[in-house]
Amino acid sequence: MIIINLLYIGIDDTDSPDGMCTTYLASQIINEFKENGIELADYPRLIRLNPFARHKTRGNGGVSLKILNDEKASLAKEIVLSKVEELSMFDCDNTNPGVIFYEGDITKEMEDYAFRAIYEFITIEEAEEFGKSIGCEIHKFKKGRGIIGSIAAISLPLSDFTFELLAYRASENYGTKRQIDYESVYKMDKETFPDTFENIDYSENYIAIEPKTPCPVLYGIRSDSVEALEKAKEIVQVQEPIVDWCIFKTNQHTDMHIQKARDIASMKQFGCYCITGEVKNKPTIIDGGHMFFYIGDKSGEIECGAYEPTKNFRKIVSHLIPGDVIQVYGGIGEQNTFNIEKFQVIKLNDIVYQNPICECGKRMTSAGKNKGFKCKKCGKRIESSEKVPVKIKRNLENSKFYETPVSARRHLSKPLCRMKF
Ligand code: ATP
């Protein structure tokens, strides 16, 4: 039996809102690896962690690489550390890079740690202690917070995964408007969707492959297959140089952040869950355009929100009525509100109780508490105070899923086009 000895490399927290991107840094490392005859044993990985992590720059992503642990391993380590030294945004208080080297197999406790980094918060001290306990070589720059994500990035098992192709800009163009031919993006989407996804938000005419920050990324295309990404890259036209590009294997759009909650009472703030409950009140919109309603089960109730950036999704949510049973997917944020990413209708309430219709055709009104109904038109009265069930037509469908638009989608959220029905 041949035993392959591998070296895992984890890198995180090198960028700031003003620039850089850990994926770009990784692509620079990979180039230097190639020049030195060091080959990757698999695709580089971009791993998204807890969407509620406090110190994230944007999407809370860490990067990991896997190479053969041979005579070139120490050169590889030198390349990684010098690139992190050279390219990290050290001037930003919030940039605290961390690099991890790990030799050996990924163990169950490492996998558990990685899921904790998606579901919970981990301190630098905890990460360091854990890293030491499994024999990691740990490199902290400044506070070294990046080691939290670096260990998770090498450890997370990817039972489900997608790919992202990232194209990078020339440094003199950083911060300037990206020169992407939008027509070609529409063409690419038409020819490659659903093998590629999240390209365009048609409801908003929003080109989602284009970042809105001054980072080195020109565009990022997401897909289930590498072949579709290569085809998509051929179709998308740009009027500025692409200095480099790289395909990452990733947990984006897998719903890996979603935990199945036992009941409403068991869910915790800053956790992401899937939970079934009964709609308790008619969704209402407040100033700022956010829409809220409550769902409940035997254990309690929680407020659910469809926020302003979810745009037309709020219109769908507005069709919910008390008594509907839905399964919601999302996370409990700052205000303790469940931020909906998508929902499935389990059972629509298509019966509402109304005042009876009088013989003369007019709907009756209440004659007072426990005094039955009266007709304002012909004066007829009935003694019973029982409202009558009326079947209503609904604008939603049983069993159907409804999701937020591409422009409001979390990196980890699985879009319906990836769900197997
Ligand atoms: P980008 O997406 O542009 O690469 P980012 O949003 O990933 O940026 P980082 O600069 O990587 O932001 O900062 C995120 C920080 O949060 C890192 O230091 C990472 O180690 C840390 N972190 C990741 N997951 C957790 C967690 N579960 N608990 C605490 N800290 C975490």
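Since we're looking at a predicted model, the values are computed, not measured.

Rules used in this analysis
Residues numbered from 1 in each chain as written. Predicted model: local features only at pLDDT ≥ 70, side-chain atom pairs only at ≥ 80, totals over all residues. Heavy atoms only, no water. Helix = DSSP H or I, 4+ residues; strand = E, 2+ residues; numbered from the N terminus. Buried < 20%, exposed > 50% of the residue type's maximum accessible area, 1.4 Å probe, protein only. Contact = heavy atoms within 4.5 Å. Areas by Shrake-Rupley, 256 points an atom, 1.4 Å probe, with all protein chains shown as cover. Domains from an automatic or database assignment. Buried area = accessible area lost by both parts, 1.4 Å probe. Polar contact = N/O pair within 3.5 Å; in protein donor to acceptor, adjacent residues only side chain to side chain. Nonpolar A, V, L, I, M, F, W, Y, C, P; charged D, E, K, R; others polar. Pairing = 2+ DSSP bridges. Axes fitted to C-alpha atoms, helices over the stretch in contact; angles between N-to-C directions. Core = buried A, V, L, I, M, F, W, Y, C linked by side-chain atoms within 4.5 Å. Near = heavy atom within 4 Å. 1 Å grid on protein atoms, 1.4 Å probe; cavity = no way out; pocket = protein on both sides within 12 Å on 5 of 7 lines; lining within 4 Å. Points joined across faces, edges and corners; volume = space filled by probe spheres on them. Expected span 1.5 Å × (residues − 1). Arc of directions from axis to C-beta. Phe/Tyr/Trp six-rings, centres within 6.5 Å; stacked < 30°, edge-to-face > 60°. Lys NZ or Arg CZ within 6 Å of the ring centre and 35° of its normal.

The helix and strand inventory of the protein chain stands at 8 helices and 24 strands. Overall, the protein chain is about 95 × 50 × 45 Å in size when its C-alpha atoms are taken along their principal axes. Put simply, the protein chain has 421 residues, and 52% of those count as buried. Taking all contacts inside the protein chain whose residues are at least 6 apart in sequence as the whole, residues at least 24 apart take part in 70%. When the accessible surface of the protein chain is totalled, it reaches about 20300 Å², and 49% of it is carbon and sulfur.

A word on the domain arrangement of the protein chain. Splitting the protein chain by domain gives domain 1 (6–155), domain 2 (162–250) and domain 3 (259–350 + 394–418). When each unit is reduced to the centre of its C-alpha atoms, the spacing between domain 1 and domain 3 is 34 Å. Taken together, the 9 residues of domain 1 in the interface contact 10 residues of domain 3. When domain 1 packs against domain 3, close to 830 Å² is buried across both sides, 74% of that on carbon and sulfur atoms. Per-residue buried area on domain 1 facing domain 3 is highest for Arg48, Phe52 and Tyr119; these three make up 65% of the total on that side. Taken together, the links from domain 1 to domain 3 amount to 0 residue pairs in polar contact (both at pLDDT 80 or more). Classifying every residue of the side of domain 1 that touches domain 3 gives 5 nonpolar, 2 polar and 2 charged.

Here we come to the sheet that holds strand E10 (residues 217–223). Strand-to-strand pairing in sheets goes through backbone hydrogen bonds, with the strands running parallel or antiparallel. Taken together, the 9 strands give an open sheet; going across it, the order is E5-E4-E1-E3-E2-E11-E6-E10-E7, and neighbouring strands pair in mixed fashion. Of all the strands in the sheet, the pair left with one neighbour each is strand E5 (137–140) and strand E7 (196–197). Relative to E10, strand E6 (residues 162–169) is paired through 6 bridges, and the arrangement is antiparallel. Looking at the pairing, Glu164 lines up with Arg222 of E10. The strands touched by helix H5 (residues 146–155) within the sheet are strand E1 (6–12), strand E2 (45–48), strand E3 (61–68), strand E4 (98–103) and E5, with E4 carrying the most contacts at an inclination of about 35°. Together, E6, E7, E10 and strand E11 (242–250) form the strand contacts of helix H7 (residues 226–235), whose direction differs from that of E10 by roughly 140°.

Moving on, we come to the nonpolar core. Soluble globular proteins tend to pack their nonpolar side chains together in the buried interior. Ile9, Ile29, Phe33, Val80 and Phe248 are the most contacted members of the largest nonpolar core, which has 31 residues in total. Those elements that provide at least two residues to this core are E1, helix H1 (22–35), E3, helix H2 (73–87), E4, E6 and E11. Contact partners of Ile29, with chain neighbours within four places excluded, come to Ile11, Leu65, Ile79, Val80 and Lys83. Counting 27 residues, the second largest nonpolar core, distinct from the first, contains Leu6, Ala114, Ala127 and Phe130.

So, about the site of the ligand. Neighbouring the ligand are 21 residues; Asp12, Asp13, Arg58, Asn60 and Gly61 lie closest to it. At a separation of 2.6 Å, an oxygen atom of the ligand approaches a polar backbone atom of Arg58. Asn60 places a main-chain nitrogen or oxygen 2.6 Å from an oxygen atom of the ligand. Compared with its free state, where it exposes 640 Å², the ligand has 95% of that area covered by protein. The element contributing the most residues to the shell around the ligand is H5, with 3 residues. Taken together, the residues that form the shell around the ligand break down as 5 nonpolar, 8 polar and 8 charged.

Before going further, it helps to examine unusual backbone geometry. Cis geometry marks the peptide bond from Phe193 to Pro194, where omega comes out at 5°. Mapping Pro194 onto the fold places it in the loop between helix H6 (182–192) and E7. Even without glycine at this site, Glu198 takes up a positive phi of about 65°. By secondary structure assignment, the location of Glu198 is in the loop between E7 and strand E8 (200–201). The buried category is assigned to Glu198, whose relative accessible area is 10%. Residue Ser399 is not a glycine yet carries a positive backbone phi of 75°. One can find Ser399 in the loop between strand E23 (388–391) and strand E24 (401–403).

Taken as a whole, the second largest pocket holds about 310 Å³ of empty space. Taken together, 20 residues make up the lining of the second largest pocket; nearest its centre are Ile200, Tyr202, Glu403, Val406 and Arg409. Among the secondary structure elements, those contributing two or more residues to the lining of the second largest pocket are E8 and helix H8 (313–317).

For helix H3 (residues 108–119), built from 12 residues, the straight-helix expectation of 16 Å at 1.5 Å per residue is met to within 8% by its first-to-last C-alpha distance of 16 Å. The set of residues buried in H3 consists of Met110, Tyr113, Ala114, Ala117 and Ile118. The arc that holds the buried residues of H3, viewed along the axis, is 145°, so those residues lie on one side. As for H3, its buried residues are in contact with E2, E4, helix H4 (124–133) and H5.

This model, assessed by the stated rule, comprises 14 aromatic pairs. Ring geometry for Tyr43 and Phe163: centres 5.2 Å apart, planes at 65°, overall edge-to-face. Of this pair, Tyr43 sits in the loop between H1 and E2 while Phe163 is found in strand E6, placing the two residues 120 residues apart along the sequence. Note on Phe163: relative accessible area 7%, which makes it buried. Ring centres of Phe52 and Phe270 lie 5.6 Å apart, and the angle between their planes is 55°; on these two criteria the pair is classed as tilted. You can see Phe52 sitting in the loop between E2 and E3 and its partner Phe270 sitting in the loop between strand E12 (259–260) and strand E13 (272–279), a full 218 residues away along the chain. Residue Phe52 shares its accessibility class with Phe270, and that shared class is buried. Grouped by ring-pair contacts, the aromatic residues Tyr43, Phe161 and Phe163 constitute a single cluster. Across from the ring centre of Phe270, 6.0 Å away, lies the NZ or CZ of Arg54, which sits over that ring. If you follow Arg410 out to its NZ or CZ, it ends over the ring of Phe52, 5.0 Å from the centre.

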